[in-house]
Amino acid sequence: MDIKNHNCHHATSLKLTGLTSTTTNNINTNDFNISDSELVVMRIVWSLGATTADQIYSKLDKTYQWAPSTIKTFLARLVKKGLLTNQRVSRKYVYQATCTEDEAIAQMAQDFMHKICARKHTNVILEMIDASNLTEDDKVAIDDKIAEKPSVTEVACDCLDNLQYCSC
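All values reported here derive from a predicted model rather than from experimental measurement.

## Re the pattern of salt bridges
Evaluation of the coordinates by the stated rule reveals 7 salt bridges. A salt bridge links Glu38 to Arg77, with the nearest nitrogen and oxygen atoms 4.0 Å apart. Here Glu38 is found in helix α1 (residues 36–48), whereas its partner Arg77 is found in helix α3 (residues 68–80), with 39 residues between them in sequence. Overall, the relative accessible area of 40% leaves Arg77 in the partly exposed class. Between Lys145 and Glu148 there is a salt bridge whose closest N-O contact spans 3.8 Å.

Next up, the structure:
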């Protein structure tokens, strides 16, 4: 899924580990960089579906001790970034994600991989595998994905293209 440098207002299809989902995206990927706190809020929205600030607050109150106004600030930022929509229902706003969690994860992973040298991608993938608990189905899905991926003779360093600096 390549949705860099433009707003997505069209349906996209994403296949991750055997799951296929189609949703309409309104993600402003120039602003996709979200804070850890915003990601916590997004995870609640993905879990609950359409939800209000009060419902999010009730889920996070004991763990994060954020004021309701703090949560509303995070929600406003996420709406501005295009990750949430809001609709006024009676006296409250109802928030809904504009992308699935899988789509957001794919975009965050892609963004992260663009920040590091292409020669280091394998190290990142291996670290992620080491840090993950994997079922047999997960392992099969990873093996299948690797089998589908064409091999290259050499991975070129792209540090100079991206950072004007190379440590390879």
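## Considering the pairing of strand β4 (residues 84–89)
Here β4 pairs with strand β5 (residues 92–97) via 6 bridges, running antiparallel. Of the residues in β5, the one forming a bridge with Val89 is Lys92. In this structure, the hairpin formed by β4 and β5 is closed by a connection of 2 residues, where Ser90 is found at a positive phi of approximately 60°.

## Some details on the packing of aromatic side chains
Tallied over the full model, the rule gives 3 aromatic pairs. Taking the centre distance of 6.5 Å and the plane angle of 45° together, the rings of Tyr93 and Tyr95 count as tilted. For Tyr95, a relative accessible area of 8% gives the class buried. Taken together, the ring pairs in this structure connect Tyr64, Trp66 and Phe74 into an aromatic cluster. Between Arg88 and the ring centre of Tyr93, over which it is positioned, the NZ or CZ distance is 5.3 Å.

## Quick notes on the confidence of the model for the protein
Averaged over the protein, the pLDDT score is 82; the fraction of residues at 70 or greater is 76%. The low-confidence segment residues 1–25 (pLDDT under 50) makes 60 contacts with residues lying over four places distant or belonging to another chain.

## Some words on the side chain of Glu103
By secondary structure assignment, the location of Glu103 is in helix α4 (residues 101–114). Lys145 is the oppositely charged side chain nearest to the buried, salt-bridge-free Glu103, at an N-O distance of 14 Å. Within the structure, Glu103 has its side chain in polar contact with the backbone nitrogen of Thr100 (distance 2.9 Å).

## Let's talk about the sheet that holds strand β3 (residues 51–52)
Across the sheet, which stays open at both edges, the 3 strands sit in the order β3-β5-β4 with antiparallel pairing between neighbours. Each of the sheet's edge strands pairs with one partner strand only, and the pair in question is β3 and β4. Packed onto the sheet, α3 meets β4 and β5 and runs at close to 115° relative to β4.

What counts and how
Residues numbered from 1 in each chain as written. Predicted model: local features only at pLDDT ≥ 70, side-chain atom pairs only at ≥ 80, totals over all residues. Heavy atoms only, no water. Salt bridge = Lys/Arg side-chain N within 4 Å of Asp/Glu carboxyl O. Helix = DSSP H or I, 4+ residues; strand = E, 2+ residues; numbered from the N terminus. Buried < 20%, exposed > 50% of the residue type's maximum accessible area, 1.4 Å probe, protein only. Pairing = 2+ DSSP bridges. Phe/Tyr/Trp six-rings, centres within 6.5 Å; stacked < 30°, edge-to-face > 60°. Lys NZ or Arg CZ within 6 Å of the ring centre and 35° of its normal. pLDDT = per-residue confidence, 0-100. Contact = heavy atoms within 4.5 Å. Lys, Arg positive; Asp, Glu negative; His and termini not counted. Polar contact = N/O pair within 3.5 Å; in protein donor to acceptor, adjacent residues only side chain to side chain. Axes fitted to C-alpha atoms, helices over the stretch in contact; angles between N-to-C directions.

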